[in-house]
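Chain by chain, the residues:
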Amino acid sequence: MLQYLQYSFFQQALAAVVLLSVCSAVIGTYIISRRLVAISGGITHACFGGLGLGYFLGVSPVAMAALFAIGSSAAVESMSERFHLRQDSAIAVIWALGMALGVLFVFMTPGYVPELNAFLFGNILTVSPSDLWIFGAYAVLLAAFFIWKRRTIAAVAFDRDFAAVSGLPVRFISYTMTVFVAVCIVLTIRLVGVMLLMSVMSLPIITAEIFCHRFTPLMLLSAAISLVASVAGLLLSTIIDVPCSALIVLLLAAFFIIAKAVSAIVVRGNK
């Protein structure tokens, strides 16, 4: 297993899972706290429309997916505000529309689309140095914004109405964080794929919630859980020769079950 560490593609994959763990912890804590888990699924499937359009037009599928992701995330916020539509209903509209457009454009694209499976199921070993630079730049921007507006982000995440009454810039935070969510989803698709993205965004945070409930400790613990599962999944995949992304999600699910069991034992012991 350790012999793989000398290969550049494995080093790049290892760096990618570290970035993924940190970014998904920040984004995941926000969407879980705001009870918007479905938005990651909605934007993820809306991205499929961008991927299909990119293949159809012969341009970068990732760039088109990013445009679709940012546009769909802004549309969810706009529909919920202007038309008083529940966010889960707005997400359902975006979800269905993105998938329908993706299927249509892929069908209209001449020939076979060989790279589509990489976006559906992910292949972290194909991460390039340019992907890492882009993901790294995104991580720096996300960290800087979070440090700048940490208290406001936490207030908006836990109680949006109270934050608005308190005079906090709720709309600015909501739209900015939604864009960060959209970009994170696009950057992560190449790593774990559309099918497994929601698990990486939600399972570490749900597990961390068993032990803590404050925003910053919750984010830090979820990042640690995600990092351990991601690195372990990557290393184990070299031994048993199975997809890394599937192993990561299985490990995250196992951590959640173990945490629940430990919590139940502790509660019974305190009674």
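Everything quoted here is computed from the prediction, not taken from an experiment.

J.: What's the story with the packing of aromatic side chains in this structure? I'm lost.
T.: How two aromatic rings sit relative to each other is given by the distance of their centres and the angle of their planes. In total, this model carries nine aromatic pairs according to the counting rule given. Look at F145 and F172: their rings are 6.0 Å apart centre to centre, the planes differ by 65°, and that puts the pair in the edge-to-face class. Of this pair, F145 sits in helix α6 (residues 129-148) while F172 sits in helix α9 (residues 170-208); the two residues are 27 residues apart in sequence, bridging distant segments of the chain. Since its relative accessible area comes to 38%, F172 is described here as partly exposed. Among the aromatic side chains, those forming a connected cluster through ring pairs are F135, Y138, F145, W148, F172 and F180. A cation sits over an aromatic face here: K149 above W148, 4.5 Å from the ring centre.

J.: Just to check I follow, could you spell out helix α1 (residues 8-33) for this structure?
T.: It helps to recall that an α-helix has 3.6 residues per turn; residues three or four apart then point in one direction. Between the first and last C-alpha of α1 there are 37 Å, a value that for 26 residues agrees with the 38 Å anticipated at 1.5 Å per step. One or two residues past the end of α1 sits R35, with phi positive at roughly 55°.

J.: Would you mind showing me how to read the confidence of the model for the protein here?
T.: The predicted coordinates ought not to be read in detail in places where the model reports low pLDDT. With 90% of its residues at a pLDDT of at least 70, the protein reaches an overall mean of 81. Confidence, expressed as mean pLDDT per element, reaches its minimum in the protein at helix α5 (residues 116-121) with 65 and its maximum at α6 with 89.

J.: For this particular structure, what's the right way to read the nonpolar core?
T.: In summary, soluble globular proteins display a tendency toward joint burial of nonpolar side chains. Ranked by size, the top nonpolar core spans 70 residues in total, and within it I27, I124 and Y138 carry the most contacts. Counting residues per element, this core draws most heavily on α9, which supplies 19 residues.

J.: Explain the side chain of S222 to me, please; I cannot follow it from the model alone.
T.: For S222, the location among the structural elements is in helix α10 (residues 215-240). The exposure class of S222 is buried, given its relative accessible area of 0%. Within the structure, the side chain of S222 is placed 2.8 Å from the backbone oxygen of M219, a separation counted as a polar contact. Apart from the residues within four sequence positions on either side, S222 is in contact with A25, T29, P204, I205 and A208.

J.: When you look at the environment of F180 in this model, what are you seeing that I'm missing?
T.: Structurally, F180 is set in helix α9. Taking C-alpha positions, F180 is 10.0 Å from V26, a pair spaced 154 residues apart along the chain. Beyond its immediate stretch of four places on either side in the chain, F180 contacts I27, Y138, L141, L142 and F145.

J.: Even after reading the chapter, I still don't get the environment of F256, so can you show me in this structure?
T.: With respect to the secondary-structure elements, F256 resides in helix α11 (residues 244-270). Residue classification places F256 among the partly exposed residues on the basis of a relative accessible area of 24%. Discounting chain neighbours no more than four positions away, the residues touching F256 are I206, T207 and I210.

Quick notes on the rules
- Residues numbered from 1 in each chain as written.
- Predicted model: local features only at pLDDT ≥ 70, side-chain atom pairs only at ≥ 80, totals over all residues.
- Heavy atoms only, no water.
- Phe/Tyr/Trp six-rings, centres within 6.5 Å; stacked < 30°, edge-to-face > 60°.
- Helix = DSSP H or I, 4+ residues; strand = E, 2+ residues; numbered from the N terminus.
- Buried < 20%, exposed > 50% of the residue type's maximum accessible area, 1.4 Å probe, protein only.
- Lys NZ or Arg CZ within 6 Å of the ring centre and 35° of its normal.
- Expected span 1.5 Å × (residues − 1).
- pLDDT = per-residue confidence, 0-100.
- Core = buried A, V, L, I, M, F, W, Y, C linked by side-chain atoms within 4.5 Å.
- Polar contact = N/O pair within 3.5 Å; in protein donor to acceptor, adjacent residues only side chain to side chain.
- Contact = heavy atoms within 4.5 Å.

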